[in-house]
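Chain residues, written in single-letter form:
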Amino acid sequence: MIFLNAVLSQQHAPEKLPAAVRAALGKPLRRAATLTQLALVGALACLPKERRHLPTALLWQSTSGPRLETLTLLEEVCHGSAEPMPYDFLASQPAIAAAQIQPFLPGLQSATHFPLDTENEANWSLLLTLASNWLNEGRYAQVLCAHLDSWAESTSAHWLALGSTALENAPANLHIRTMNYSAALPDTPDFPAALAHWLTQPSSRLLHLQSSATPRLAVEFAQI
């Protein structure tokens, strides 16, 4: 059985994100891209300290991607008076986030980034299905699924933490169903916020998530 152990949504003004990182670490994370900072703050909030050494996978999607960092790099390449700095190039590479957060999450064994091309659409269904398969196979003890976005005036991070064992007060478990549910919630970036609302004010014991990309596949959440 797969358990939902954490549901989290975070919003930070870009200028206040470094302070959130310092609060989580007790020190700043220097020269880290915004998406890396979001990944670190969210991952540490989802996982208790005693579970951060367990085999962990990170699956994260993003609509914005490292857009601002890429624009900065292009500006330096096209109009700068000198070669761009190495850390500016690294900030434009989503994969670098895993390497920068691993010292604080030593159990992190793999991380995969899924770029999205349409605002207000996501693929939580894919992330959760993949996470469920890996947990059932015993490849990891826990999987973090996230949607991270960084825009000029705002940042947002939505998280679901899944595990093969239930933490204390785990709110729900989940199953993958090969059915079409007419009342299923749409697959949008802020789905965890809707899930959190349902957990506090359930209209029924079951909630379903379904993506338009996979109309015959649904993720079913059942309150414990």
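Conventions used here
Residues numbered from 1 in each chain as written. Predicted model: local features only at pLDDT ≥ 70, side-chain atom pairs only at ≥ 80, totals over all residues. Heavy atoms only, no water. Helix = DSSP H or I, 4+ residues; strand = E, 2+ residues; numbered from the N terminus. Buried < 20%, exposed > 50% of the residue type's maximum accessible area, 1.4 Å probe, protein only. Contact = heavy atoms within 4.5 Å. Areas by Shrake-Rupley, 256 points an atom, 1.4 Å probe, with all protein chains shown as cover. Disulfide = S-S within 2.5 Å. Arc of directions from axis to C-beta. Polar contact = N/O pair within 3.5 Å; in protein donor to acceptor, adjacent residues only side chain to side chain. Phe/Tyr/Trp six-rings, centres within 6.5 Å; stacked < 30°, edge-to-face > 60°. Pairing = 2+ DSSP bridges. Axes fitted to C-alpha atoms, helices over the stretch in contact; angles between N-to-C directions. Parallel < 35°, antiparallel > 145°, perpendicular 65-115°, else oblique. Left-handed = near helix turned anticlockwise from the far one by under 90°. Nonpolar A, V, L, I, M, F, W, Y, C, P; charged D, E, K, R; others polar.

Caption draft 1: Focus on the overall build of the protein chain. Broken down by element type, the protein chain carries 7 helices and 9 strands. Expressed as a percentage of the 224 residues in the protein chain, the buried residues total 47%. Expressed as a percentage of contacts within the protein chain between residues at least 6 apart in sequence, the contacts between residues at least 24 apart total 74%. With the model as given, the accessible surface of the protein chain reaches about 11200 Å², and the carbon-plus-sulfur share is 54%.

Caption draft 2: Molecular detail of the state of the cysteines. Following the criterion strictly, the structure yields 0 disulfides and no others. Of all cysteine sulfurs in the structure, the one in Cys46 sits closest to Cys145, which takes part in no disulfide; the separation is 10.0 Å.

Caption draft 3: Representation of helix α1 (residues 17-25) within the structure. Turning to α1, its buried residues number three or more, namely Leu17, Ala20 and Val21. Looking down the long axis of α1, one finds its buried residues gathered within 100° of arc, a one-sided arrangement. Elements that come into contact with the buried residues of α1 comprise β1 (2-12) and α2 (34-46). The first or second residue beyond α1 is Gly26, which carries a positive phi of 85°.

Caption draft 4: Local environment of the environment of Ala97. With respect to the helices and strands, Ala97 occurs in helix α5 (residues 96-101). When its relative accessible area of 5% is taken as the criterion, Ala97 is described as buried. In contact with Ala97, other than residues within four places in its own chain, are Thr36 and Trp60.

Caption draft 5: Geometry of the side chain of Gln223. Positionally, Gln223 belongs in strand β9 (residues 218-223). Residue Gln223 is classed as buried on the basis of its relative accessible area of 18%. From its side chain, Gln223 meets the backbone oxygen of Trp198 in a polar contact 3.4 Å long.

Caption draft 6: Spotlight on the packing of aromatic side chains. Taken as a whole and assessed by the stated rule, the structure comprises 2 aromatic pairs. Centroid distance Trp134 to Tyr140: 5.4 Å. Interplanar angle 50°. Geometry classified as tilted. On the numbers, 5.8 Å between centres and 40° between planes, the contact of Phe191 with Phe221 is tilted. Here the residue Phe191 occupies a position in helix α7 (residues 191-200), and Phe221 occupies one in strand β9, the gap between them amounting to 30 residues. Classification of Phe191 as buried rests on a relative accessible area of 1%.

Caption draft 7: The arrangement of the pairing of strand β5 (residues 155-163) in detail. Taking burial as the measure, the 9 residues of β5 include 9 buried ones, the bulk of the element. Alternating positions in β5 separate into two faces, Thr155, Ala157, Trp159, Ala161 and Gly163 on one and Ser156, His158, Leu160 and Leu162 on the other, with burial throughout. Judged from the 9 bridges that link them, β1 and β5 form a sheet pairing that is antiparallel. Opposite Val7, over in β5, you have Leu160 as the bridge partner. Hairpin connection of strand β4 (residues 142-150) to β5: 4 residues between the antiparallel strands.

Caption draft 8: Summary view of the packing of α1 against α2. In contact at an axis separation of 10 Å, α1 and α2 are set at 40° when each is read in the N-to-C sense. Between α1 and α2, the crossing angle belongs to the class labelled oblique. You can see that α1 and α2 cross each other, and the crossing is left-handed. On α2, the residues that touch Leu17, Pro18, Ala20, Val21, Ala24 and Leu25 of α1 are Thr34, Gln37, Leu38, Leu40, Val41 and Leu44. Within the contact of α1 with α2, the residues separate by chemical class into 10 nonpolar, 2 polar and no charged.

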